[in-house]
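Residue-level listing of the chains:
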Amino acid sequence: MLFYGAGELDAMLAEFGVTVSIADQWYAPGVVDAIDRSMLTGDAATLAGRMTSVTVKTGALGPQLKEGTTLTIWNAVVDEVTIHSTGSTDYKIYSVFQQDDGALTNIVCLRK
């Protein structure tokens, strides 16, 4: 399926992306984001946690892209902070959903 601006997606992922892989078989560039998010808010306290997500081109990681699968992120730097300095880090895929017109897929990960 072709999407409007698909050529720009490839350029963006090449510029800002790092390599992500599934099952040491499917490799693709992905943009990694790690943010602190409020997970639970009560009357007197808030529980916050680090949420890591990866944005890839839809279809780039093959049929193994689903909840519970292991996703490997290679050498990622987020907001000038190196979160994976050398080698790689494995994550468990928590959720997968397409963004907007479906050209990009967002993957929410849990560190293993």
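Preceding block: the structure.
Residues numbered from 1 in each chain as written. Predicted model: local features only at pLDDT ≥ 70, side-chain atom pairs only at ≥ 80, totals over all residues. Heavy atoms only, no water.

Visitor: Whenever I open this one, the overall build of the protein confuses me. Can you help?
Guide: Each helix and strand in the protein was counted, giving one helix and eight strands. Secondary structure elements of the protein occur, N-terminal to C-terminal, as α-β-β-β-β-β-β-β-β. Within the protein, contacts between residues at least 6 apart in sequence are counted, and of these 50% link residues at least 24 apart. Total accessible area computed for the protein in this model is approximately 7100 Å², and 52% of it derives from carbon and sulfur atoms. (Helix = DSSP H or I, 4+ residues; strand = E, 2+ residues; numbered from the N terminus. Contact = heavy atoms within 4.5 Å. Areas by Shrake-Rupley, 256 points an atom, 1.4 Å probe, with all protein chains shown as cover.)

Visitor: Sorry if this is basic, but what is going on with the side chain of threonine 55 here?
Guide: Mapped onto the secondary structure, threonine 55 falls in strand S3 (residues 46-57). Judged by relative accessible area, which is 13%, threonine 55 ranks as buried. Those residues in contact with threonine 55, other than ones at most four positions away along the chain, are Leu13, Pro29, Gly30, Val31, Gln99, Leu104, Thr105 and Asn106. (Buried < 20%, exposed > 50% of the residue type's maximum accessible area, 1.4 Å probe, protein only.)

Visitor: Please clarify how the nonpolar core should be interpreted in this entry.
Guide: As a rule of thumb, nonpolar side chains are buried together in soluble globular proteins. Counting 15 residues, the largest nonpolar core has Val20, Val54, Leu61, Leu71, Ile73 and Ile107 as its most contacted members. Mapped onto this core, the elements with two or more residues apiece are strand S1 (18-22), strand S2 (26-41), S3, strand S4 (70-74), strand S7 (88-99) and strand S8 (104-111). If you tally residues by element for this core, the top one is S1, at three residues. The residues contacting leucine 61, other than those within four sequence positions of it, are Val20, Ser21, Ile22, Trp26, Tyr27, Ala28, Val56, Leu71 and Ile107. (Core = buried A, V, L, I, M, F, W, Y, C linked by side-chain atoms within 4.5 Å.)

Visitor: What is the right way to look at unusual backbone geometry in this model?
Guide: The bulk of non-glycine residues show a negative phi, and the bulk of peptide bonds are trans. The backbone of alanine 23 shows a phi angle near 60°, a positive value even though the residue is not glycine. Note on placement: alanine 23 falls in the loop between S1 and S2. The phi dihedral of aspartate 100 is positive, around 45°, even though this residue is not glycine. Within the secondary structure layout, aspartate 100 lies in the loop between S7 and S8.

Visitor: What's the story with the pairing of S4 in this structure? I'm lost.
Guide: It is a general feature of regular strands that their side chains alternate between the two faces of the sheet. Of the pairings in the sheet, the one linking S1 to S4 comprises three bridges and is antiparallel in character. Paired with serine 21 across the bridge in S4 is threonine 72. The sheet contact formed by S4 and S7 spans five bridges and is antiparallel. Looking across to S7, one finds that threonine 70 is bridged to lysine 92. (Pairing = 2+ DSSP bridges.)

Visitor: Any chance you could explain the pattern of salt bridges here in plain terms?
Guide: Side chains that differ in charge, positive against negative, can pair when their charged atoms come close. Enumeration according to the criterion identifies one salt bridge in this entry. Here aspartate 10 ties to lysine 57 by a salt bridge, and the two come within 2.7 Å at their closest N and O atoms. Of this pair, aspartate 10 sits in helix H1 (residues 6-16) while lysine 57 sits in strand S3; the two residues are 47 residues apart in sequence, bridging distant segments of the chain. (Salt bridge = Lys/Arg side-chain N within 4 Å of Asp/Glu carboxyl O.)

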